[in-house]
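# An overview of the molecular structure
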Amino acid sequence: MNRPLHADAARLRAQLLELAGNLWWSWGIDGAAIFHALDPERFEASGHDPHAVIAGLDDARLVARVDAHGLAPALDEAVAKLRAYVAGDGTWGRMHAGRLHHAPIAYFSAEFGLHESLPIYSGGLGVLAGDHLKSASDRGLPLIGIGLLYREGYFRQTLDREGWQEQSYPTIDPSAKGLRRVVDRAGEPLLVTVETQTGAIHAAVWEQAVGRVRLLLLDSHVEQNAEADRGLTHRLYGGDEQMRIRQELLLGVGGLRALGALGIRPGVLHLNEGHSAFAALEAVATHVEREGLRLDDAVQEVASRTLFTTHTPVPAGHDRFHEDLLVEHLLPIATRLGLDARGLMAFGRVHPDSDDETFCMTVLALKLAHRVNGVSYLHGRVSREMWKRLWPERPVHQVPIGHVTNGVHLPTFCAPRMEHLLDATLEPGWRQAQSEPSTWAPMLEVSDAALWEVRRGLKRDLVHHVRALAIAQARRRGEDVAVQRALEEALDEDALLIGFARRFATYKRASLVLEDLDVLDALVNDPKHPMRFVFAGKAHPKDEGGKRLLQTVFRASRDPRFLGKVVLLEGYDLSLGRALTRGVDVWLNNPRRPLEASGTSGQKAVLNGALNCSILDGWWEEGFDGANGFAIGAGEVHRDAAIQDQRDQEDLVRVLREEVAPLYYARDASGTPTPWLHRVKRAMATLAWRFVADRMVRDYAISGYLPAGGVQLSDAR
Ligand SMILES: *Cc1c(COP(=O)(O)O)cnc(C)c1O
């Protein structure tokens, strides 16, 4: 039959672009299967970028690939589903968010980890922000995200033959990624401008659709900028103090102005970490000008509508600026407020009169937000202690910092294999009720055989994936053929598999289990209870300590005792994070307590039936109940970090040898690890509902967004 090829191709291309244009493709349907089928090589090589796949297919090949895979009906269905989703009638948000639909929540974050194809995140903070947008979208909350477009993103990691980290910075072309340049109300490309004392900074604004949520990303790479400022937003966490304050000025002040230019007046501001706190100062200035309020009243007004989430108990993690830099960049706003340099500095100082105190973004945010939270119960407590000097008249337990524990976006991180089991086990409609404890109770009764089958499948997928990656990386490094050979057999589907992947910040102590290689040898090569380890993670380019940790792990992975048994993979990102948390048996986390504010990777493991083995820090301190995973230590902290490290290492080894391995290898006649699966079921039943982002976003909505936005709480659950 003679078919009009070009008409077909144009229609298919339009459908694919519509799908690719909304990141919903990555969680609402199995979009990866569609784009992978169209061009597997390109999909993989581009870091799972659907736009690269579409751009790489001419009309004839596009039609041929769709025909060959019979994809046309799937595409029709996917597009119809996307449209129905975006229309979003009947969502929780529609029912409960009231006037916020006309005055949305503006959610500011310096990084967003939404998908590996858009590398504008470095770690947990970004992934959390990405999950926040996705869950807000699923719930139908009227929220709009504001961030920066890093054209060189966070770096791409490789390791040299010595295991030393090298960074490279591939450039991102936003149009090629399907981002849309935002236009103003007159239809012209929007350009936001922020004045400083030494000239103005300009930024274009790009938009990425995240389900029902819009994400606006500011981009300084415009010709209106002086040469030096064009590169301002090129890299995430790349520059010096000067670059940092200019990025943060754009994010906060420029971000709020971008909303204004689009006619959006946010009803609530949510500052995800202190980087964006200038937004609240800009909001104060706007109130003073527009409504003629007194400064104090404008501050109260803005603070009553602002939420601030603080994320780190590590002192160096709080941005601080020297007075000259602050004045250079913020005096234009201060002047609108009738403030001089000293009055401006006071907003970022614990003691307004102490001239030697630098300007702290966290302090600014604490002063301009009435609703402040840490990201776990323990972190809330630590934060109250940390900032109590701002409320000298109060006892520490009355310092107004609460907590909303982090969670992860279930559709992003739960493997399809596990989702099928959940569909077969939980009540219909369980996704809408995923943050109710009763929803997960049926997991306690699921059959051992079915659960074990899923777990084995997930581990098999991972082992194959790890081998392919490890071999390719060794080959690129030019390592011996013998090494490559050994990696072909890396890991072992039948051996207990332990995963560790996160940023290689030193407090996370990636090499703790490798402290004593003889002890590790005994664990890994135990004849009855063998163990395998897989590691991944990036060190910040300037963090020599973190790079040394990577090298320590790399060297262990090339020790003949551990070759193919302890594996380190390059390029930790969302894709690898998903794969690892799906396929390992045990997710290991051993930070130096209490420095892990929450941690979220272990929550991803829960959704896939892996067990956590962790220091009682962050979310695990409140999640662990004695029988839904494993605890290292009992939550002690020692003044001397070296002593704490040694005790934790000893207990980690003890737990692996005496608790984890025996439980994993206790099998019934059919080879099923019944007691292990019992613990997995308990983990899923007791943890999944609490540590999903859906619960987190509901908590933010009920305890923050709705009251801050002046919405009555009518039976909102
Ligand atoms: C989930 C995730 C994180 C956060 O992991 P933590 O254990 O909380 O540090 C960081 N990076 C990536 C790529 C992730 O997917």
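Residues numbered from 1 in each chain as written. Predicted model: local features only at pLDDT ≥ 70, side-chain atom pairs only at ≥ 80, totals over all residues. Heavy atoms only, no water.

### Some remarks on the overall build of the protein chain
When you go through the protein chain residue by residue, the secondary structure sums to 29 helices and 20 strands. Rg of the C-alpha trace for the protein chain: 26 Å, near the compact-globule value of 27 Å for 717 residues, within the 12% margin. Expressed along its principal axes, the backbone C-alpha trace of the protein chain runs to roughly 80 × 80 × 55 Å. Counting across all 717 residues of the protein chain, residues that qualify as buried make up 60%. (Helix = DSSP H or I, 4+ residues; strand = E, 2+ residues; numbered from the N terminus. Rg over C-alpha atoms; globule rule 2.2 N^0.38 Å. Buried < 20%, exposed > 50% of the residue type's maximum accessible area, 1.4 Å probe, protein only.)

### Considering the environment of Leu-307
Tracing the backbone through its elements, the reader meets Leu-307 in strand E10 (residues 306-309). Distance from Leu-307 to Asn-373, taken between C-alpha atoms, is 8.0 Å for residues 66 residues apart in sequence. Excluding residues within four positions of it along the chain, Leu-307 makes contact with Val-268, Leu-269, His-270, Leu-271, Ala-369, Arg-371, Tyr-700, Gly-704, Tyr-705 and Ala-708. (Contact = heavy atoms within 4.5 Å.)

### Notes on the site of the ligand
The ligand sits among Gly-123, Gly-124, Val-127, Arg-502, Lys-508, Tyr-572, Asp-573, Leu-574, Gly-599, Thr-600, Ser-601 and Lys-604. In this structure, Lys-508 approaches the ligand through a side-chain N or O atom, which is 2.7 Å from an oxygen atom. Note that an oxygen atom of the ligand is positioned 2.4 Å from one of the side-chain N or O atoms of Ser-601. Coverage of the ligand by the protein chains reaches 97% of its 380 Å² of free accessible surface. Broken down by secondary-structure element, the contributors of at least two residues to the shell around the ligand are helix H8 (124-139) and helix H25 (601-607). Its residues assigned to classes, the shell around the ligand comprises three nonpolar, five polar and four charged. Split by domain, the shell around the ligand shows at least three residues from each of two domains, domain 2 (102-262) and domain 4 (411-421 + 438-687). (Near = heavy atom within 4 Å. Polar contact = N/O pair within 3.5 Å; in protein donor to acceptor, adjacent residues only side chain to side chain. Areas by Shrake-Rupley, 256 points an atom, 1.4 Å probe, with all protein chains shown as cover. Nonpolar A, V, L, I, M, F, W, Y, C, P; charged D, E, K, R; others polar. Domains from an automatic or database assignment.)

### Here we look at the packing of helix H1 (residues 5-20) against helix H2 (residues 31-38)
For the pair H1 and H2, interaxial distance at closest approach is 12 Å and the crossing angle is 135 degrees. As summarised for this structure, H1 and H2 are arranged oblique, according to the angle between their axes. The way H1 lies across H2 gives a crossing that is left-handed. Contact with H1, carried on its side by Leu-16, Leu-19 and Ala-20, involves Ile-34, Phe-35 and Leu-38 of H2 and no other residues of that element. Partitioning the contact of H1 with H2 into residue classes produces six nonpolar, no polar and no charged. (Axes fitted to C-alpha atoms, helices over the stretch in contact; angles between N-to-C directions. Parallel < 35°, antiparallel > 145°, perpendicular 65-115°, else oblique. Left-handed = near helix turned anticlockwise from the far one by under 90°.)

### As for the sheet that holds strand E20 (residues 630-632)
Strand order in the open sheet made by the six strands is E17-E16-E15-E18-E19-E20, with parallel pairing throughout. What marks the edges here is a single partner per strand, and that holds for strand E17 (566-569) and E20. Sheet twist, expressed as the average angle between the axes of neighbouring strands with direction ignored, equals 20 degrees. Strand contacts of helix H20 (residues 448-477): strand E15 (496-501), strand E16 (531-536) and E17, with the helix running at about 70 degrees to E17, the strand carrying the most contacts. The strands that helix H28 (residues 674-687) touches are E15, strand E18 (586-589), strand E19 (611-615) and E20; relative to E19, the one it contacts most, it runs at about 75 degrees. (Pairing = 2+ DSSP bridges.)

### Overview of the side chain of Glu-357
Note that Glu-357 resides in the loop between helix H14 (341-346) and strand E12 (359-360). With no salt bridge to any partner, buried Glu-357 finds its closest opposite charge in Arg-320, at an N-O distance of 5.0 Å. Only 2.4 Å separates the side chain of Glu-357 from the backbone nitrogen of Val-350, close enough to count as a polar contact. Of the polar contacts made by the side chain of Glu-357, one reaches the backbone nitrogen of His-351; its length is 3.1 Å. (Lys, Arg positive; Asp, Glu negative; His and termini not counted. Salt bridge = Lys/Arg side-chain N within 4 Å of Asp/Glu carboxyl O.)

### Observations concerning the pattern of salt bridges
Applying the stated criterion across every chain yields a total of 53 salt bridges. Here Glu-328 and Arg-246 are joined by a salt bridge, their closest N and O atoms 3.8 Å apart. Of the two residues, Glu-328 sits in helix H13 (residues 323-336) while Arg-246 sits in helix H10 (residues 241-261), which places them 82 residues apart along the sequence. This pair shows no difference in class: Glu-328 is buried, exactly as Arg-246 is. A network of salt bridges, in which partner residues are shared, links Glu-195, Arg-257, Glu-282, Glu-289 and Arg-336.

### Here we look at the nonpolar core
If you look at the biggest cluster of nonpolar residues, it comprises 139 residues, and the most contacted ones within it are Leu-19, Leu-38, Phe-278 and Tyr-705. With residues up to four places along the chain from it excluded, the contact list for Leu-19 reads Trp-24, Trp-25, Ile-29, Ile-34, Phe-35, Leu-75, Ala-78, Val-79 and Leu-82. Counting residues in hydrophobic clusters, the runner-up holds 76 residues, among them Met-443, Met-531, Ala-683 and Leu-687. (Core = buried A, V, L, I, M, F, W, Y, C linked by side-chain atoms within 4.5 Å.)

### Some remarks on the packing of aromatic side chains
Summed over all chains, the structure comprises 18 aromatic pairs. Between Tyr-107 and Phe-112, the ring centres sit 6.2 Å apart and the planes meet at 55 degrees, which makes this aromatic pair tilted. We classify Tyr-107 as buried; its relative accessible area is 1%. Among the aromatic residues, those joined into a cluster by ring pairs are Trp-452, Phe-630, Tyr-664, Tyr-665 and Trp-676. Stacked on the ring of Trp-92, the Lys or Arg Arg-139 has its end atom at 4.9 Å from the ring centre. A cation over a ring is seen here: Arg-502 above Phe-500, with NZ or CZ 4.5 Å from the ring centre. (Phe/Tyr/Trp six-rings, centres within 6.5 Å; stacked < 30°, edge-to-face > 60°. Lys NZ or Arg CZ within 6 Å of the ring centre and 35° of its normal.)

### Considering the domain arrangement of the protein chain
Here the protein chain is described as being made up of domain 1 (5-86), domain 2 (102-262), domain 3 (267-307 + 323-406) and domain 4 (411-421 + 438-687). Buried surface at the junction of domain 2 and domain 4, summed over both partners, amounts to about 2300 Å²; 53% is from carbon and sulfur atoms. Together, Gln-157, Leu-159 and Trp-164 form the three largest contributors to the area buried by domain 2 at its contact with domain 4, with a combined 27%. At the boundary of domain 2 with domain 4, the tally comes to one salt bridge. On inspection of domain 2 and its partner domain 4, the count reaches 16 residue pairs in polar contact (both at pLDDT 80 or more). Only H8, strand E3 (156-159) and strand E4 (165-168) provide two or more residues apiece to the side of domain 2 that touches domain 4. Sorting elements by how many residues they give to the side of domain 2 that touches domain 4 places H8 first, with five residues. Its residues placed into classes, the side of domain 2 that touches domain 4 shows 10 nonpolar, 11 polar and seven charged. (Buried area = accessible area lost by both parts, 1.4 Å probe.)

### Quick look at helix H6 (residues 72-87)
With 16 residues, H6 extends 23 Å between its outermost C-alpha atoms, agreeing within 8% with the 22 Å of an ideal straight helix rising 1.5 Å per residue. Among the residues making up H6, those that are buried are Leu-75, Ala-78, Val-79, Leu-82 and Tyr-85. What you see down the axis of H6 is that its buried residues fit within an arc of 130 degrees, all on one side. Along H6, exposed side chains directed more than 90 degrees from the buried face belong to Pro-73, Arg-83 and Ala-84. Looking at the packing, one finds that the buried side of H6 touches H1, H2 and H8. Directly beyond the C-terminal end of H6, a positive phi value near 60 degrees is found at Gly-88. (Expected span 1.5 Å × (residues − 1). Arc of directions from axis to C-beta.)

### Looking at unusual backbone geometry
Of the consecutive residues Arg-593 and Pro-594, the connecting peptide bond is found in the cis state with omega at 0 degrees. Inspection of the secondary structure puts Pro-594 in the loop between E18 and H25. Although it is not a glycine, Tyr-237 sits at a positive phi angle of roughly 50 degrees. One can find Tyr-237 in the loop between helix H9 (227-230) and H10. Although it is not a glycine, Arg-509 sits at a positive phi angle of roughly 50 degrees. Among the structural elements, Arg-509 can be located in the loop between E15 and helix H22 (517-524).

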